Amino acid sequence: GLKALDVDPGKVGMIGFSAGAALTLQSVLRPQPLKLAFIAPIYGGMGPVQVPANAPPMFNVIATDDFLFRGQFGVVKSWFDAGRPVEFHLFQNGGHGFGLGYPGNTANGWFPVFMRWLDVNGWLKARAPAPARGGVIRTPNGACDRARSNSARKNRPTFSTAPCRCSKATAVSL
């Protein structure tokens, strides 16, 4: 699972846009919810919902000229009333589907605010490296990766207990 990919399961969240925002909400509202660190429904429905006691923190963004807004704050109020952490940004304009924003509308700046929220809540901080497991990390072409370089991470290295063919490394911390 996630540990094999060196991903901290306590930092996995979900972001969704429009219909994806509804899916994001439902992933934590259903009877057997996903265990997510946070959710971020972006320009999704704003009607009230029943919020579970263990619902993750929510970051919510919508524009006043989005047809899904209609002056409703129900989902945000539901999170607030349930005592769950919530951050809400209502922009003057941006319409529906503003994505990362278009020049000339106020919704253009939401993404840096979202990144700050993730950082302040600790979801962007790297965890301490795991101890060595007695193997090497190999890139898809089979070369070892002694230093776990950025290029190797982009190539999605895999863990192997086979001896290193280049004899430059015998163990790497994962």
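Cut-offs and rules
- Residues numbered from 1 in each chain as written.
- Predicted model: local features only at pLDDT ≥ 70, side-chain atom pairs only at ≥ 80, totals over all residues.
- Heavy atoms only, no water.
- Helix = DSSP H or I, 4+ residues; strand = E, 2+ residues; numbered from the N terminus.
- Buried < 20%, exposed > 50% of the residue type's maximum accessible area, 1.4 Å probe, protein only.
- Areas by Shrake-Rupley, 256 points an atom, 1.4 Å probe, with all protein chains shown as cover.
- Phe/Tyr/Trp six-rings, centres within 6.5 Å; stacked < 30°, edge-to-face > 60°.
- Core = buried A, V, L, I, M, F, W, Y, C linked by side-chain atoms within 4.5 Å.
- Contact = heavy atoms within 4.5 Å.
- Salt bridge = Lys/Arg side-chain N within 4 Å of Asp/Glu carboxyl O.
- Pairing = 2+ DSSP bridges.
- Axes fitted to C-alpha atoms, helices over the stretch in contact; angles between N-to-C directions.
- Right-handed = clockwise from strand over helix to strand, strands pointing away.

A.B. asks: Mind laying out the overall build of the chain, listing which residues take part and the relevant values?
C.D. replies: A tally of helices and strands in the chain yields 4 helices and 6 strands. Secondary structure elements of the chain occur, N-terminal to C-terminal, as β-α-β-β-α-β-α-β-α-β. Expressed as a percentage of the 174 residues in the chain, the buried residues total 36%. In the form shown here, the chain has an accessible surface area of approximately 10,200 Å², with 57% of it arising from carbon and sulfur atoms.

A.B. asks: Go over the packing of aromatic side chains, please, and point to the residues and values.
C.D. replies: Under the definition given, this model contains 15 aromatic pairs. With centroids separated by 5.9 Å and ring planes inclined at 90°, the aromatic side chains of Phe38 and Trp117 adopt a geometry described as edge-to-face. Here Phe38, found in the loop between helix 1 (19-29) and strand 2 (39-42), pairs with Trp117, found in helix 3 (residues 110-120); they are 79 residues apart in sequence, far enough to count as distant. Both residues of the pair, Phe38 and Trp117, count as buried.

A.B. asks: Outline the nonpolar core, listing residues and values.
C.D. replies: In terms of nonpolar packing, the biggest core is built from 31 residues, with Ile42, Phe59, Trp79, Phe98, Trp110 and Phe114 touching the most fellow members. Put simply, the parts of the chain that give this core at least two residues each are helix 1, strand 2, strand 3 (58-63), helix 2 (74-81) and helix 3. Sort the elements by how many residues they give to this core and strand 3 lands first, with 5 residues. Every residue in contact with Phe114, bar those within four places of it in the chain, is listed here: Ile15, Phe38, Ala40 and Phe59.

A.B. asks: Summarise the pattern of salt bridges; cite the residues concerned and give the values.
C.D. replies: Under the definition given, this model contains 2 salt bridges. Here Lys77 ties to Asp81 by a salt bridge, and the two come within 2.7 Å at their closest N and O atoms. Placement of both Lys77 and Asp81 in helix 2 is noted, with a separation of 4 residues, approximately one turn of the helix. Residues Lys125 and Asp119 are paired through a salt bridge, measuring 4.0 Å at the closest nitrogen-oxygen approach.

A.B. asks: Would you mind going over the sheet that holds strand 2 in detail, with residue names and values included?
C.D. replies: Pairing between the strands of a sheet comes from backbone hydrogen bonds, and it takes one of two forms, parallel or antiparallel. Pairing is parallel in the open sheet, where 4 strands are placed in the order 1-2-3-4. Both edges of this open sheet fall to strand 1 (14-17) and strand 4 (86-91), since each of them pairs with a single strand only. This sheet shows a mean twist of 10° between the axes of neighbouring strands, independent of strand direction. One ladder, built from 4 bridges, connects strand 1 with strand 2; its direction is parallel. Looking at strand 2, one finds that Gly16 is bridged to Pro41. Where helix 1 meets the sheet, it contacts strand 1, strand 2 and strand 3, and its direction lies at approximately 145° from that of strand 1.

A.B. asks: So what about the environment of Leu23? Which residues, and what values?
C.D. replies: For Leu23, the location among the structural elements is in helix 1. Distance from Leu23 to Pro41, taken between C-alpha atoms, is 8.5 Å for residues 18 residues apart in sequence.

A.B. asks: Before we move on, could you go through the side chain of Thr24 and cite the residues and values that matter?
C.D. replies: Here Thr24 shows up in helix 1. Assessed through its relative accessible area of 0%, Thr24 is described here as buried. For Thr24, the residues in contact, after removing those within four places along its chain, are Met14, Ile15, Gly16, Ile39, Ala40 and Pro41.

A.B. asks: Pulling in residues and values, what's your account of the pairing of strand 2?
C.D. replies: Because side chains alternate across strand 2, one face comprises the buried residues Ile39 and Pro41, and the other comprises Ala40 and Ile42, equally buried. Handedness of the crossover joining strand 1 and strand 2 through helix 1: right-handed. Pairing geometry for strand 2 and strand 3, over 2 bridges, is parallel. Looking across to strand 3, one finds that Ile39 is bridged to Met58.

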